[in-house]
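Structure at a glance
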Amino acid sequence: MSLPVELANLFRVKQKSYKMVLVLAMIDTWQETQDQMLRIDDVTRRFLTYYQHKESSGLTVDSPPPKVANRWESMSLSQVRSLLDTPIEALRSVVVKQADGAFLTFADSIWAQGEAMLLELQDYVNRELDLYHSQLGQELSLSLHESLVHILQTYPQAKTESFTNHALGTLFRKKLPEQLRLLPFVSEHIKIQGSVGMGNWATVPWLALMDTRITKSTQYGEYIVYLFAEDMSAVYLTFNQGVTKPIQERGRKEGYKFLQQKVTEIRESLDFQAFSKDENIQLTSAGLGRDYQISTVAYKRYDASHIPSDDQLVADLEQLMTTYQEYVDRKLQTEQVEDPEYPLETVEENMDDEAVRGHLDGIQSYIKNKGFAYPPGLIENFYLSLKTKPFVILAGVSGTGKTKLVKLFAEAMGATSENGQFTLIPVRPDWSDPSDLIGYSDLSGKFRPGRVTEVLLEASHNPIKPYFICLDEMNLARVEHYFSDMLSILETQEWRDGHIATDPIIHGSSLVQDEDREIYGNLSIPENVYLIGTVNMDETTHPFSKKVLDRANTIEFNDIFLAQFPDEESEVGQRPEAMPNLFLRCDYLQLVDAYNVESKALITKTTDTLVRINGILEEIHAHIGFRIRDAVCFYMLYNQRFGLLTEDEALDHQLLQKILPRIQGSSASIRRVLLNLMRECVGSSFAVNEYVEDTTSLFEGNKLKSLLDQAKYPRSARKIASMLRRLEEDGFTSYWLS
């Protein structure tokens, strides 16, 4: 016969084997006495005998509560009887106390189904116990002690190494969660997530256990979390609260007050035996580590030099988990649990490098199925440029699809005008200051935010999602006049607690009204905002200064496929799943972030090429500095990591986008520089001296075509040829004149 649903699901959640052994002890007692009223002392004796027999036989078995005894053989019947209160309560739907707890019996519904039902239940319990003990044996293979010691000893050195695919990241994100999942007291409701940072090493790495019925993210709600001190002097096992959402909603001052109030309430309502309930947790002096210190309800500190044994560590975690589950049960019974959606939170924080190619293929398919065709490699180049720095310029003649590229790329990542993640801002010719973008204070002192400020504010409240701002025809006005503040602030990017932060773009002290200071005060440029400008390359627009060019990748595309028609058989492209900001966010801000054994060879090779090019550019005072060197190296490293372009193709794009836009003029020195750069692109066989006085012969017959066919960097070579032709015909040349 099959068991009823309420019995078949009786042990679905196993924190210990106690419930199963209790039911077996009750059935064994009934089989001996044939009495439905089971003396609690008889059941207790059989319960204890089960564990003592397993223990003496050297078999895998749950240990007794560590505060009561170390082994079952030393447990008294009174201690075991007290222990049984918890499983009896957990089985109250099928186990009933009688005569003030002197007797136990099964519910009437079970007795009504006869002896066959009890025998079937007995077989079921034995099968579940066998499965449980096999999993418990696997759990014992986890050495939490060794893992914690390893992290504390190796994390400082790891922070000097490449973040990508590091073994410590795998330990936090995969191995430890998988092993902790096997612990018998970790229920199916628990989500386990570890972090060593997002693209860069975190100041305070962590490993959290969250009950998904009250929180699915470490940004809100309550959970258990291991927190490692910044100096790796200790690790703390804590009952904690998410700090991000309260601070975003209330501001830092009120957010702290809210968190501290919750700390007091929880401490008063729960018993945290052997755990500290004070403010002495020391993680770091500032940043997110300081936020954790504010939000911690209870903790136990493990000094790096005295990490306890596995038995003690697991016992501590079980004790805190029991307290946590008590809190969760109360909250579910008494409160309307808030469950904001963080759909992108589940994406693995260190996005698999191999997955990037697949995501880009999905973006390309979406764009193609929308009826737009772009040159091969353009999407990859656009992605690498945004990944290198969140400011890109798309240049070309009118009508080549520059604005459409930005819109479709954003759409393919889940960013649309409708959800506020894509914003198109047409630039006006009369813009002469940043007020139209950032905002201004009116005569009454009220701050009137510009469109960019509105986007920055929204993006700061949704840090997981990417936000795109497209400045359409951005060189209709002088970029330095209305955009210089943004460019300067972008240069202040730095790592703070595993996230990228900038100086404020709006200082609180500059705002008059308290309400404005609360909303906009010290607003900075979040790491999930990407700025793309489109420009038309003709005589009606303003040129760019080196300040702008140094800070952007300038992508030119003038290839127009008029004969490209929509594919009648292709289906309208469904938008790929929304992608997190991590897909685009840069991993390197300074060369030291990327410089390690694996990357050293490519960085050195790329820098050697740039040194040669700088020697050429010095003649016209157009040579580059550290900012461009770093950006080019980052671009090359991302390309190597993701396997998107060949090394020569990638460097070709960088020469075209970071070097050639700096060149313009009419002098003979401009011609010499362009010819020397041509030789760099096509090879040493190119005779520069042959064309120093007159480049006309370069364009005769098939000479130029044969040069371009053999060029190492063909895109840059074609652009240089175009600039030389313009210099020959008009006496002046510029990257910006096609």
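In this text the structure is predicted, and so the values were computed from the model without any measurement.

The rules behind the values
Residues numbered from 1 in each chain as written. Predicted model: local features only at pLDDT ≥ 70, side-chain atom pairs only at ≥ 80, totals over all residues. Heavy atoms only, no water. Helix = DSSP H or I, 4+ residues; strand = E, 2+ residues; numbered from the N terminus. Buried < 20%, exposed > 50% of the residue type's maximum accessible area, 1.4 Å probe, protein only. Contact = heavy atoms within 4.5 Å. Areas by Shrake-Rupley, 256 points an atom, 1.4 Å probe, with all protein chains shown as cover. Salt bridge = Lys/Arg side-chain N within 4 Å of Asp/Glu carboxyl O. Pairing = 2+ DSSP bridges. Axes fitted to C-alpha atoms, helices over the stretch in contact; angles between N-to-C directions. pLDDT = per-residue confidence, 0-100. Core = buried A, V, L, I, M, F, W, Y, C linked by side-chain atoms within 4.5 Å.

1. A word on the overall build of the protein
Within the protein, the secondary structure is distributed over 26 helices and 19 strands. Taking all 738 residues of the protein together, the buried fraction comes to 55%. Counting contacts in the protein only where the partners sit at least 6 residues apart, residues at least 24 apart contribute 71% of the total. Carbon and sulfur atoms form 47% of the exposed surface of the protein, whose accessible area is close to 32,900 Å².

2. Quick word on unusual backbone geometry
Residue Glu-473 is not a glycine yet carries a positive backbone phi of 55 degrees. When you line up the elements, Glu-473 lands in the loop between β13 (467-472) and α17 (479-490).

3. Focus on the pattern of salt bridges
The final tally for this structure, using the stated rule, is 41 salt bridges. Close ionic contact of Arg-81 with Asp-41 constitutes a salt bridge, the shortest N to O distance being 3.3 Å. Of the two residues, Arg-81 is situated in helix α4 (residues 77-83) and Asp-41 in helix α3 (residues 40-56); the sequence distance between them amounts to 40 residues. Looking at Arg-81, the relative accessible area reads 34%, which means it is partly exposed. For Asp-316, the salt bridge is made with Lys-300, and the minimal N-O distance between the two is 3.2 Å. Here Asp-316 is found in helix α12 (residues 310-334), whereas its partner Lys-300 is found in strand β8 (residues 298-303), with 16 residues between them in sequence. On the basis of relative accessible area, Asp-316 is assigned to the buried category, the value being 3%. Look at Lys-300 and you get buried, because its relative accessible area is 15%. Connected through shared salt-bridge partners, Lys-389, Glu-491, Asp-550, Arg-551, Arg-627 and Arg-662 make up one network.

4. Let's talk about the sheet that holds strand β7 (residues 234-241)
The strand order β4-β5-β6-β7-β8 describes an open sheet built from five strands, whose pairing is antiparallel. Taken across any chain shown, the strands that pair with only one partner, and hence form the sheet edges, are β4 (190-195) and β8. With strand direction ignored, the average angle separating the axes of adjacent strands in the sheet is 15 degrees. Across six bridges, β7 lies against β8 in antiparallel orientation. Bridge pairing in β8 places Tyr-236 opposite Arg-301. Against the sheet, helix α8 (residues 144-158) contacts β6 (222-228) and β7, and its axis sits at roughly 55 degrees relative to β6.

5. Side note on the confidence of the model for the protein
On average, residues of the protein score 85 in pLDDT, and 88% of them are at 70 or above. In the predicted structure, residues 341-350 sits below a pLDDT of 50 and forms 34 contacts with residues beyond four places in sequence or in another chain. Ignoring residues within four places in sequence, the model shows residues 569-573, a span with pLDDT below 50, making six contacts including any to other chains.

6. Considering the nonpolar core
Phe-468, Met-474 and Phe-483 are the most contacted members of the largest nonpolar core, which has 132 residues in total. Per-element tally for this core: the top contributor is helix α22 (residues 626-642), with nine residues. When near neighbours in sequence (up to four residues on either side) are disregarded, Met-474 contacts Phe-391, Ile-393, Val-427, Val-479, Tyr-482, Phe-483, Gly-533, Thr-534, Val-535 and Phe-544. Formed by 60 residues, the second largest nonpolar core is a distinct cluster that contains Leu-148, Ile-192, Val-196 and Ile-281.

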